[in-house]
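Secondary and tertiary structure notes
Listed here are the chains, written in short residue letters.
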Amino acid sequence: MPDRERPPTSHERQAGQPWDASYRDGSPPWDIGEPQPAVVRLASEGAFAGAVLDAGSGTGENALHIASLGLRVLGVDVAETAVSIAREKAACRGIDADFAVADALHLDRLEQVFDTVLDCGLFHAFDNDERRDYVASLASVTRRGGHVYVLCFSDAGPEPRGPHPVSQDELRIAFAGWRVPAIGPERLQSRLAPEDAAAWLARAERI
């Protein structure tokens, strides 16, 4: 169940509305109606294995793509409307994927552990203090030796750049205590601009 007493995140304070409001009157800019190409490529390379968590799954396109490959997937989002849409998509497409309303800063409340976690576009929406809490939350549900893949807006590379750009150092600081074997340039699609935005794709291993 959603946490009615949950304090607003930094993004919600800046936007002046809760995450759920972004989905009530049509699709938000980050919802492109299909899985992100980087996620499709990762899936084709076998990056996702075992039980998979999609943190900040929105309306479910990335989770549904991964689940369509035969993996067990749980998508979670704090926005009830987004979760409802994702469940409808799963039912209409006949894809076996689960979706739940959950706070990414308190994933321990799921009382589950996962082998692989995907974060596509959530990390960069948190400020520094929230990122520390978020990574601790990820650690609570990621099996030792499990991997977290983070796709977020980058402060480097060609324009355009998305809102809330993140540096490599910020990623490594947030995941201090994890093994971070790779952070590389990527592109992140949104409806904010006709061109893809510069992004990082980071892989972190819980040790």
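Located above this text is the structure these notes cover.
Report follows, based on the coordinates. (Residues numbered from 1 in each chain as written. Predicted model: local features only at pLDDT ≥ 70, side-chain atom pairs only at ≥ 80, totals over all residues. Heavy atoms only, no water.)

Concerning the pattern of salt bridges
Using the criterion set out here, one finds 11 salt bridges in the structure. E61 serves as the salt-bridge partner of R93, at 2.9 Å between the closest nitrogen and oxygen. Placement of R93 in helix 5 (residues 80–93) and of E61 in helix 4 (residues 61–67) is noted, with a sequence separation of 32 residues between them. Taking relative accessible area as the criterion, R93 reaches 43% and is therefore assigned partly exposed. On the basis of relative accessibility, which here comes to 9%, the residue E61 falls in the buried class. (Salt bridge = Lys/Arg side-chain N within 4 Å of Asp/Glu carboxyl O. Helix = DSSP H or I, 4+ residues; strand = E, 2+ residues; numbered from the N terminus. Buried < 20%, exposed > 50% of the residue type's maximum accessible area, 1.4 Å probe, protein only.)

Thoughts on helix 6 (residues 128–141)
Think of an α-helix as turning once every 3.6 residues; residues three or four places apart then point the same way. Relative to the 20 Å expected for 14 residues at 1.5 Å per residue, helix 6 spans 21 Å between its end C-alpha atoms, a close match to the ideal helical length. Of all the positions in helix 6, only E130, R131, Y134, V135, S137, L138 and V141 are classed as buried. The arc that holds the buried residues of helix 6, viewed along the axis, is 155°, so those residues lie on one side. Turned more than 90 degrees off the buried face of helix 6, the exposed positions are N128 and R132. In this structure, the buried side of helix 6 is in contact with helix 1 (10–15), strand 1 (51–55), strand 4 (114–120), strand 5 (142–153) and helix 7 (168–174). (Expected span 1.5 Å × (residues − 1). Arc of directions from axis to C-beta. Contact = heavy atoms within 4.5 Å.)

Considerations on the nonpolar core
Of all hydrophobic cores here, the largest spans 33 residues; its most connected members are L53, F123, Y134, L171 and F175. The set of elements that each furnish at least two residues to this core consists of strand 1, strand 2 (72–77), strand 4, helix 6, strand 5, helix 7, strand 6 (179–188) and strand 7 (197–205). At four residues, helix 6 tops the list of elements feeding residues into this core. The residues contacting Y134, other than those within four sequence positions of it, are A55, A104, L105, D119, L122, F123 and F126. (Core = buried A, V, L, I, M, F, W, Y, C linked by side-chain atoms within 4.5 Å.)

Quick notes on the environment of S137
Among the structural elements, S137 can be located in helix 6. The spacing of S137 and A104 is 33 residues in sequence and 7.0 Å in space, taken between C-alpha atoms. Not counting residues within four places of it along the chain, the set of residues in contact with S137 comprises A104, L105, H106 and L107. At 3.5 Å, the side chain of S137 forms a polar contact with the backbone nitrogen of H106. (Polar contact = N/O pair within 3.5 Å; in protein donor to acceptor, adjacent residues only side chain to side chain.)

Section: the packing of aromatic side chains
The description of two aromatic rings rests on the distance between their centres and on the angle between their planes. On inspection of all chains with the given rule, the structure shows six aromatic pairs. Look at W19 and W30: their rings are 5.6 Å apart centre to centre, the planes differ by 75°, and that puts the pair in the edge-to-face class. In this pair, W19 sits in the loop between helix 1 and helix 2 (21–24) while W30 sits in the loop between helix 2 and helix 3 (37–44), placing the two residues 11 residues apart along the sequence. Relative accessible area serves as the criterion here: at 12%, W19 is assigned to the buried category. (Phe/Tyr/Trp six-rings, centres within 6.5 Å; stacked < 30°, edge-to-face > 60°.)

A look at the environment of D98
In this structure, D98 sits in strand 3 (residues 98–101). Owing to a relative accessible area of 46%, D98 belongs among the partly exposed residues under this scheme. Each C-alpha atom, one on D98 and one on V113, is 15 Å from the other, the two residues being 15 residues apart in sequence. For D98, the residues in contact, after removing those within four places along its chain, are V73, L74 and G75.

Focus on the state of the cysteines
Tallied over the entire structure, the rule returns zero disulfides. Take C120: it sits in no disulfide, and the sulfur closest to it among the cysteines is that of C152, at 9.9 Å. (Disulfide = S-S within 2.5 Å.)

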